Amino acid sequence: MLEARGIRKTHPGGTILEDVSLALAGDETLAVVGPSGCGKTTLLRIIAGLELPDSGTVMLSGQKITTLPANERNVNTVFQSYALFPHLSLFENVAFGLRSRRFPKSEVEAKVKTALTMVHMEKLGDRFPHQLSGGQKQRVALARALVNEPEVLLLDEPMSALDAKLRQSVQAELRQLQQSLGKTFILVTHDQEEALTVSDRIAVMRRGRIEQYGPAREIYEKPKNRYVADFLGKANIIKARRADGGALTDFGFMRTNGKMEWEEGYLAIRPENVVFHTQKPAVNGVELTAAEVFYRGDHVEVWLEPGTLRMRAAPRRGIAKGDQIWVELLASGLVVLDE
Amino acid sequence: MNSHLVWYGELTTLRRLLRRGLYFAAPGMIWILLFLALPSLLLIVVSFTTRGAYGQIEWTFTLENFKRLCGFGLYGWSADYFIILFRSVHVAFWTTLICILLSYPLCFYIANKPERSRYFWLTLIIIPFWTNLVIRAYAWLLVLAPQLPLARIANALGLIPEGTPLYPSSFAVYLGMVATFLPFVALPLYSSVEKLDWALVEAANDLYAGKIRVFLHAIWPQTVPGISVGITLTFIPAMGMFVVPDFLGGAKYMLVGNLIQQQFGTSRDWPFGAAVSLALMVLTLVALQLQRKRGKKVEPI
């Protein structure tokens, strides 16, 4: 159980974190996402003990660890650059934390072997970091942190140095690893797909604040505001005015399940919730022109006009540029935004 | 199609390329040949000749000079030359070590300064280079002179009698040597420290390391390249140094450099001087080789 309360941090250059709070159960993965400079790495470093907050507390399993030195907290980090010790073999790199704590030799050996096996590197223990590929380094860095059996594992942009294909397999492995170990993983990323794949919960940050914090699915399906909707996945933002049982938009009256707190505001809808119809649908239908069609293999992305609405459709629909088509803006997919 | 090839975008032939390389290399090679290789050969030859009655070289070849260097003199065996050689290595070793120990805090201090003031501090380190070594040695004589603060403090502590200078003494020699060679260690070390990857330090801390472990695994390996250059630039010249020990150590503190200088100078015994020089060169090469082997172990950085 990790909890951060009212974390603030300022640098001479300005405010980095402004009143950040979050709580996390013991066996969950949290992804902290946001553009570069939003303070997500600083938050991670404060949890790791590599930086002190100006105010606020960090609690781990009910204990206050805000000012506990990094080498005394049961939290380990996988650094963005991996930070493997270049003069030590992989075995010794992984053994480093255990040796620091003077574990008996036989135990060190057994644990390091287990950790290396866990990341499929058991045969390369004698190698040195400069002999490894980026993906292998990443695994070693992971093993080096996990061998210490930390309560919380922190990962700072763990996939940023990997190519797209490798990234996907590492994401899956990371997810499996976390579930089999049942520990808390916190990863910082600016890759929204990574965040959705790996994590149970997502915190979306902007300029030192958490904009929205919740289960991954909720963040994607019910974004609170334009920023979150835009940052995680693609979203159509539609201007709307409150009306009885729905909203009045540029596409006409749209029924929606969301509650509107405003008179005039915005709705969001994901491209996959804009659905193709061969004829006028019963509700939330609108006839538009396909201005651009992008073939993406498993789907086509269509830009509809007027109003630049983006939709996804199956390629077998055969939508061509210039076609007039009927689409339905699914009522369940129309999300009412705060701002 | 004769042997055309593209050399970084330039179409040329192998022959032309080789010829050009020769033209570029020739001046340097000739220079080294004339002023390094030939004199060294001459030195080796001279070390096997005999000193004439008036200090001239007599071309009767003998091993006498080397026997003498090994201690077999006119009056039986003595360890004098060995002591001088050992003392030279000893002084060079401690000078280098002290320089390293002083440079570490200095370099970290400077590297942690804001960028603008770093150059100021680096300039302070470089300033001694703007003055001739002999002048600096004389300056030390003045600093250590009797009645001046340093001598007075030493006197007050009961280390020296009143009215005497702090030289000649081994303290003065080390003071002069360290002052002379500190920049040669500090500057290369600084370049390593400035590039230091602090993520490794954080990783070590994150992995429960104590301060000593952090230094040994996260800082030391990263500074080895700088230290290595520093050692080469300090240890070798320090072994052959003669100005500083001559001025600040007096006759009592003879190093191999002084011995050589004496043979070529006042004693006018060039053959023996050449033999001692040769011994110093061999010693230097051995030291370099040892250091290179040590350096290899930590190469993969």
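Quick notes on the rules
- Residues numbered from 1 in each chain as written.
- Chains lettered and ligands numbered in written order.
- Predicted model: local features only at pLDDT ≥ 70, side-chain atom pairs only at ≥ 80, totals over all residues.
- Helix = DSSP H or I, 4+ residues; strand = E, 2+ residues; numbered from the N terminus.
- Buried ≥ 20, exposed ≤ 12 C-beta atoms within 10 Å, placed from the backbone.
- Contact = placed C-beta atoms within 7 Å.
- Axes fitted to C-alpha atoms, helices over the stretch in contact; angles between N-to-C directions.
- Left-handed = near helix turned anticlockwise from the far one by under 90°.
- Nonpolar A, V, L, I, M, F, W, Y, C, P; charged D, E, K, R; others polar.
- Pairing = 2+ DSSP bridges.
- Domains from an automatic or database assignment.
- Expected span 1.5 Å × (residues − 1).
- Bend = angle between axes of the 7 residues up to and from the residue.
- Core = buried A, V, L, I, M, F, W, Y, C linked by C-beta atoms within 7 Å.

Helix and strand content of chain A: 8 helices and 20 strands. The principal-axis extent of the C-alpha atoms belonging to chain A is close to 75 × 45 × 35 Å. When burial is assessed residue by residue, chain A has 43% of its 339 residues classed as buried. A separation threshold of at least 6 residues defines the contact pool for chain A, and within that pool the share at least 24 residues apart is 65%.

All names here are of chain B. Two numbers describe how helix α3 (residues 80-111) lies on helix α9 (residues 211-240): the axes approach to 9 Å, and their chain directions differ by 145°. Taken as a pair, α3 and α9 cross one another with a handedness that is right-handed. In this structure, α3 uses S88, V89, V91, A92, T95, T96, C99 and I100 to contact α9, whose residues at the interface are I227, G230, I231, T234, F235, A238 and M239. Each residue belonging to the contact of α3 with α9 can be placed in one class, and the counts come to 10 nonpolar, 5 polar and no charged.

Attention now goes to the sheet that holds strand β12 (residues 246-249) of chain A. All names here are of chain A. In space, the 5 strands of this open sheet follow the order β13-β12-β11-β14-β20, with antiparallel pairing throughout. Two strands bound the open sheet, and with one partner strand each, they are β13 (252-255) and β20 (335-336). Relative to β13, β12 runs antiparallel, the two sharing 4 bridges. Within the sheet, the bridge partner assigned to A247 lies in β13 and is M254.

A separate point is the environment of V283 of chain A. Residues and elements named next belong to chain A. The topology assignment puts V283 in the loop between β15 (274-277) and β16 (285-295). The sequence separation of V283 and D54 amounts to 229 residues, and the corresponding C-alpha distance is 53 Å. Not counting chain neighbours up to four residues away, the residues in contact with V283 comprise R255 and A331.

At the junction of the two partners, chain A supplies 18 residues and chain B supplies 15 residues. Within the residue set of the side of chain A that touches chain B, elements represented by two or more residues are β6 (75-78) and α2 (90-100) of chain A. By residue number, the principal contributor to the side of chain A that touches chain B is α2 of chain A, which donates 3 residues. Taken together, the residues that form the side of chain A that touches chain B break down as 9 nonpolar, 8 polar and 1 charged.

A few words on the domain arrangement of chain B. Partitioning chain B into domains gives domain 1 (1-40) and domain 2 (84-297). Between the C-alpha centres of domain 1 of chain B and domain 2 of chain B there is a distance of 39 Å.

Once that is clear, we can look at the domain arrangement of chain A. Assigned domains within chain A: domain 1 (2-226) and domain 2 (234-336). Summarising the inter-unit geometry, the C-alpha centres of domain 1 of chain A and domain 2 of chain A are found 38 Å apart.

Our next topic: helix α7 (residues 170-194) of chain B. Residues and elements named next belong to chain B. Taking 1.5 Å per residue, 25 residues should reach 36 Å; α7 reaches 34 Å between its end C-alpha atoms and fits that length. Largest kink in α7: about 40°, centred on F181, with the proline P183 one to four residues after it. Of all 25 residues in α7, 18 are buried; the element is thus mostly enclosed.

Counting 106 residues, the largest nonpolar core has V32, I47, V94, A143, L154, V204 and L267 of chain A as its most contacted members. Residues in contact with V32 of chain A, not counting those within four places in the same chain, are K40, L43, L44, I186, V188, A203 and M205 of chain A. In this structure, C99, Y167, V173 and L189 of chain B belong to the second largest nonpolar core, which totals 47 residues.

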